[in-house]
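Results of the structural survey
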Amino acid sequence: MKSAEEQLQLLCRGIVDLHVRKELEERLATGETLRIKAGFDPTRPDLHLGHTVLMEKMRQFQELGHQVIFLIGDLTAMVGDPTGRNEARPALTREEVHAAAETYQEQAFKILDRDKTEVRYNSEWLDEMGCLDLIQLGGRYTVARMLERDDFSKRFAEQRAIHVHEFMYPLLQAYDSVALKCDVELGGSDQLFNLLVGRDLMTKYGQAPQIVMTTPLLEGLDARVVDGKLSGAKMSKSADNYVGIDEAPKIMLDKLMLIDDLVIWRYMDLLSPRSTEELRETKAAADAGTTDIRLVKEQFAQDIITRYHGADAARGAVAERHKVADGGLPTDIAEIVVPCEDGGLTITKALVLAKMTKSGSEARRLVTQGGVYLEEARITDPNHPLDKGTRHLVRLGSKKRRFAYLQIG
């Protein structure tokens, strides 16, 4: 096991909050195996890179020899976490939660070592609590402390409903730490209040308080640096600015190459498997102009794809991208049948029906601006005819190229 100082250097990389650093250093210095908990309410089955920031920190603890506990909040998921919400979250059934949890675990074990991960469900102890137990748990915290949470205080000030069960959620999550006797609890930065409740509650049950560490919420692919500050909404499917860990290697590569040149360092700091020193040297070379930033992003993308799909798939995706960039055709060009009546239709109509553009106006604009090719020949007439019974290789764009074979009729 590495020294406490070496462990701290790695574990503190990319974190937002640490309560309390001295306590963590002291526990690491003992050389004992620490119990590290991270809880997940599996309300959605699919994971994207934003979800994995926390799991990467779990993996670091795991590789340092500590015991990682992957806690599935099956009961708390049914209660619903009010964090960051203006209204209560709709209740989920136990069946919905367990179905999502199965998929969640399979994806999580692409990061964590399955054989070294302790998987627990908080229904193990929360289902056993009776009415009196819950009342006594509620008696260990005050309403005033609960109202210190931003989301609760805003709703209270605006006279919007706060349901009693929402106050229970932080207490139930905190009791998980009591039940598991955790040394460290990890969570996203938006979970800081809940994690600190766990720290407080442990002392009231006569346990040493857990150390709390939070990781940042990863910005989406559309993030930018404005006036020296990182700006952008967090990665999410609803914002369509995400990279799903189960997406095809080629799609992952294409998306990751779109990350802004200044934002890529944020992604690498949080997700790259490479050492802090190696990342520092890479950035220095890029800043000095001796390394092309496109190669930096490509190597990062290859590292990410390797983790989720394997090294061969990562190399294949990169090779495919280079081939297309050099003028070659991709190997997975879609075959799309475009229905038509009579003798045929125009290229504009075909692009819309094939869903290669969102609207006729977008299709017309692409054609007139020279962004559409048939059999690698540029066309500029939006009324260019495509005869029924013919098949055409269509390409959109010259840099970020998209291909399809359109079968007319």
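Here, the structure is the one placed above.
Residues numbered from 1 in each chain as written. Predicted model: local features only at pLDDT ≥ 70, side-chain atom pairs only at ≥ 80, totals over all residues. Heavy atoms only, no water.

1. A look at the sheet that holds strand S4 (residues 117-121)
What the six strands build is an open sheet, ordered S1-S6-S5-S2-S3-S4; its pairing is mixed. The two strands at the open ends of the sheet, each matched to only one other strand, are strand S1 (17-19) and S4. The mean inter-strand angle of the sheet, taken between neighbouring strand axes irrespective of direction, is 20 degrees. Sheet topology places strand S2 (residues 35-40) next to strand S5 (residues 184-188); three bridges connect them, and they run parallel. Bridging across to S5, Lys 37 finds its partner in Glu 185. Strands S1, S5 and strand S6 (211-215) of the sheet are contacted by helix H2 (residues 21-29), whose axis makes an angle of about 110 degrees with S6. In the packing of helix H11 (residues 192-204) onto the sheet, the strands contacted are S1, S5 and S6, and the crossing angle to S6 comes to about 170 degrees. (Pairing = 2+ DSSP bridges. Helix = DSSP H or I, 4+ residues; strand = E, 2+ residues; numbered from the N terminus. Axes fitted to C-alpha atoms, helices over the stretch in contact; angles between N-to-C directions. Contact = heavy atoms within 4.5 Å.)

2. Some remarks on unusual backbone geometry
Most peptide bonds take the trans form, and the phi angle of most residues other than glycine is negative. With an omega of 5 degrees, the peptide bond running from His 19 to Val 20 counts as cis. Counting through the fold element by element, Val 20 comes out in the loop between S1 and H2. The residue Asp 227 is not glycine, and still its phi comes out positive at about 55 degrees. Secondary-structure assignment places Asp 227 in the loop between strand S7 (224-226) and strand S8 (229-231). In the Ramachandran plot, Asp 240 falls in the positive-phi region, its phi being about 55 degrees despite a non-glycine side chain.

3. So, the sheet that holds strand S11 (residues 372-374)
Sheet architecture is open: five strands sit in the order S9-S15-S14-S11-S12, paired in mixed fashion. For this open sheet the edge positions go to strand S9 (334-338) and strand S12 (377-379), each flanked by a neighbour on one side alone. Sheet twist, expressed as the mean angle between neighbouring strand axes with direction ignored, is 35 degrees. Pairing between S9 and strand S15 (residues 402-408): five bridges, direction parallel. Among the inter-strand pairings, Val 338 is bridged to a residue of S15, identified as Ile 408.

4. Topic: the pattern of salt bridges
For the structure on display, the rule yields 34 salt bridges. A salt bridge links Arg 114 to Glu 106, with the nearest nitrogen and oxygen atoms 3.3 Å apart. The exposure class of Arg 114 is partly exposed, given its relative accessible area of 43%. For Asp 303, the salt bridge is made with Arg 274, and the minimal N-O distance between the two is 2.7 Å. Of this pair, Asp 303 sits in helix H15 (residues 293-309) while Arg 274 sits in the loop between helix H13 (264-271) and helix H14 (276-288), placing them 29 residues apart in sequence. Through salt bridges that share partners, Arg 35, Glu 118, Arg 120 and Glu 124 make up one connected network. (Salt bridge = Lys/Arg side-chain N within 4 Å of Asp/Glu carboxyl O. Buried < 20%, exposed > 50% of the residue type's maximum accessible area, 1.4 Å probe, protein only.)

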